[in-house]
Amino acid sequence: MSTLPPYAQVLRLSPERVGGKLRFTMPFGDDVAGRPGFLHGGAIAGLMEFTAFAALADEIGDDRVAMKPVTITVDYMRAGIHEDTYAEAVIERLGRRIANVEVFAWQKDRDTPIASARLNFMLDRPQRHTA
């Protein structure tokens, strides 16, 4: 992934490949803090939304495909604390016109997520030309 968009830069997201999956890390800092010592819920949601977009774009592999989120549902499971936060996405369904993506965010233990999100996308693919 080349230069990240401004919103991802504000969150200081950094990508890496782990076991073939795209993982994003968001370091804790004043710019993502909510109440003292805790992570802001909007920062968590932003991390998960960006992770879903990036993972879906990576899976599709075609910049011409427009991805439009239709539904985003975030479930907060526990408070994010003064720790780095990680997120990975799972592409549950990738069709010609629809994609369903699930994202999990965690801090110390991947098996204990702090939040999850489900995103449904409409995909606008370039028209096929028939000869």
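An account of the accompanying structure is given in this report. Please read these numbers as outputs of a predicted model, since none were measured by experiment. (Residues numbered from 1 in each chain as written. Predicted model: local features only at pLDDT ≥ 70, side-chain atom pairs only at ≥ 80, totals over all residues. Heavy atoms only, no water.)

**Concerning the overall build of the protein chain**
Going by this rule: Numbering of helices and strands runs from the N terminus, with a helix taken as a DSSP run of H or I at least four residues long and a strand as a DSSP run of E at least two residues long. Radius of gyration: C-alpha atoms only; globule rule: 2.2 Å multiplied by the number of residues to the exponent 0.38. Burial status follows relative accessibility: with a 1.4 Å probe on protein chains alone, a residue under 20% of its type maximum counts as buried, one over 50% as exposed, and anything between as partly exposed.
Within the protein chain one finds two helices and six strands. A compact globule built from 131 residues should have a C-alpha radius of gyration of about 14 Å, and the protein chain, at 15 Å, falls within 12% of that. Expressed as lengths along the three principal axes of its C-alpha atoms, the size of the protein chain is roughly 60 × 30 × 25 Å. Relative to its full complement of 131 residues, the protein chain shows a buried share of 37%.

**A look at the sheet that holds strand β5 (residues 98-106)**
So the rule is basically this: Strand pairing follows a simple DSSP-based rule, namely that at least 2 bridges must link the two strands. For every element, the axis is a line fit to its C-alpha atoms; helices are fit only across the contacting stretch, and the angle between N-to-C directions ranges from 0 to 180 degrees.
Pairing is antiparallel across the open sheet formed by six strands, whose spatial order is β1-β2-β4-β5-β6-β3. In this open sheet, the two edge strands, each paired with only one partner strand, are β1 (14-18) and β3 (66-76). In this sheet, adjacent strand axes meet at a mean angle of 25 degrees when their direction is disregarded. Two elements, strand β4 (residues 85-94) and β5, share eight bridges in a ladder whose sense is antiparallel.

**What about the side chain of threonine 25?**
The criterion, for reference: Whether two residues touch is decided by their heavy atoms; if any such pair falls within 4.5 Å, the residues are in contact.
Mapped onto the elements of the fold, threonine 25 is located in strand β2 (residues 21-26). Non-local contacts of threonine 25, meaning those with residues more than four positions away in its chain, are made with Arg12, Leu13, Ser14, Glu16, Asp84, Thr85 and Tyr86.

**A word on helix α2 (residues 41-60)**
Rules: Each helix should span, by expectation, one fewer than its residue count multiplied by 1.5 Å.
The terminal C-alpha atoms of α2 lie 29 Å apart, and with 20 residues this matches the ideal 28 Å at 1.5 Å per residue to within 8%. Of the surrounding secondary structure, the elements contacted by the buried residues of α2 are α1 (6-10), β2, β3, β4, β5 and β6 (113-124). Remark: glycine 61 follows α2 within two positions and exhibits a positive phi of approximately 70 degrees.

**Re the nonpolar core**
The following threshold applies: Among the buried residues, those of types Ala, Val, Leu, Ile, Met, Phe, Trp, Tyr and Cys that are joined through side-chain atoms within 4.5 Å form a nonpolar core.
Counting 32 residues, the largest nonpolar core has Leu13, Phe24, Val103 and Phe121 as the members making the most contacts within it. Listing elements by their share of this core, those giving two or more residues are β2, α2, β4, β5 and β6. Sorting elements by how many residues they give to this core places α2 first, with 10 residues. Setting aside anything within four residues of it in sequence, one finds leucine 13 in contact with Leu4, Ala8, Phe24, Thr25, Met26, Leu47 and Phe50.

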